[in-house]
Amino acid sequence: MNTLTEPYPQLTAVLNGTSPLPHLGVIQAQGEDAANFLHNQLSNDVLLLPVGQSRLAAFCSAKGRMQASFVVVKTAPDTVLLVLSLDLLAQTLKRLSMFVLRAKVKLTDASGQWALRGLLGDSARTVLSGPALGPTSAAAPWQTVAFEGAYAVALYPAVAGEIQVPRVLWLAPQGQALPAGPEVASALWQWAEVMSGVTLVSQPVFEAFVPQMLNYESVGGVNFKKGCYPGQEVVARSQFRGTLKRRTALVHSPVALAAGQDVFTPADPEQPCATVVLSAARPDGQGFDALVSGTLESLQAGWHAGTADGPVLTVQPLPYALLADV
């Protein structure tokens, strides 16, 4: 079986609780120019981001290629946290620091100061504000709730068939009590991330994509009205001049895939047409699901893992509409 046409009966039970997130780290920007500095470096608006709220954003090269991406959390008028893939933290901190110049901002690795957890299902619902969410509902993505120095960021839900499982990124000062809930393995969190259709850039795909190739403009990761930032002209041209030829799709695979792995199509077997962004095993043991970014032309022709005659990757519906389709 390649798809979850029959809802996996134990899915909501399996994706329920709190998960460690050892693959993530935190950069802190602090100082009176912190928000303005990051506003000028990232693909999204940080200057007008309210205190206690969050956004998705990309950090690009001059050619518009993503060198990192973040969940941006503004904790105070002069303090912003950037949650990113840990394997990119050191080089991202170094590169961002190159642009500080005379700005009144200090950038530091704050990973040791913050405990990060992923919350799924009831654990996610419990920490979100407002009325209790229904069994197939989720809070608006990037909605953030503050808890005495801790922050609960609503992410895009994991969607499998008719089931939607809420997901929350929890950031709390080290030593603060964690939300209640059973322990969920990191591998299950990763699968839920795949099924949300939204992921952060990691080292294997460093500088592989402009933001739209990861569908960032469709999930709140790009603001086309803000001022300039590195790569802004390339990102804008891709959006408004019809030059975007790659997108991220959700696929099912009978074999394990790895981030950065090439994908091929029989229509042009000599060169890769797509790249695996993130992959995880399905919790029911029936293969693997992955996010793959590739050319729109090859997506229509069919994707195969490893070689042009390798295992077929079956395209699944994305859990959100692409901006061009809205």
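Residues numbered from 1 in each chain as written. Predicted model: local features only at pLDDT ≥ 70, side-chain atom pairs only at ≥ 80, totals over all residues. Heavy atoms only, no water.

1. Overview of the overall build of the protein chain
- Of regular secondary structure, the protein chain possesses 7 helices and 16 strands.
- Classification of the 326 residues of the protein chain by burial places 55% in the buried group.
- Relative to all contacts within the protein chain whose residues are 6 or more apart in sequence, the contacts with residues 24 or more apart total 70%.
- Total accessible area on the protein chain stands at roughly 13700 Å², and carbon and sulfur atoms take up 55% of it. (Helix = DSSP H or I, 4+ residues; strand = E, 2+ residues; numbered from the N terminus. Buried < 20%, exposed > 50% of the residue type's maximum accessible area, 1.4 Å probe, protein only. Contact = heavy atoms within 4.5 Å. Areas by Shrake-Rupley, 256 points an atom, 1.4 Å probe, with all protein chains shown as cover.)

2. Looking at the pairing of strand β7 (residues 114-120)
- For β7, a buried count of 7 out of 7 residues is recorded, marking the element as mostly surrounded by other parts of the structure.
- The sheet contact formed by strand β1 (residues 17-20) and β7 spans 4 bridges and is antiparallel. Bridging from a neighbouring strand, G17 pairs with L120 of β7.
- In the sheet, β7 pairs with strand β10 (residues 163-173) via 7 bridges, with the strands oriented antiparallel. Residue pairing for β10: G118 is matched across the bridge by L169. (Pairing = 2+ DSSP bridges.)

3. Looking at helix α3 (residues 89-98)
- Taken together, the buried positions of α3 are L89, T92, L93 and L96. When α3 is viewed along its axis, its buried side chains cluster within an angular range of 100° and face the same direction. Facing away from the buried side of α3 by more than 90 degrees, the exposed set consists of A90, K94 and M98.
- Considering only its buried residues, α3 is in contact with β2 (24-30), α2 (34-39), β3 (54-60), β4 (66-76), β5 (79-85) and β6 (106-109). (Arc of directions from axis to C-beta.)

4. Regarding the sheet that holds β7
- Strands sit in the order β1-β7-β10-β9-β8 across an open sheet of 5 strands; the sheet is antiparallel. Across the chains shown, the open sheet's two edge strands, defined by having one partner strand only, are β1 and β8 (144-147). Each neighbouring strand pair of the sheet contributes to a mean axis angle of 30°, computed without reference to strand direction.
- Looking at chain direction, strand β9 (residues 150-160) and β10 are connected through 8 bridges and run antiparallel. (Axes fitted to C-alpha atoms, helices over the stretch in contact; angles between N-to-C directions.)

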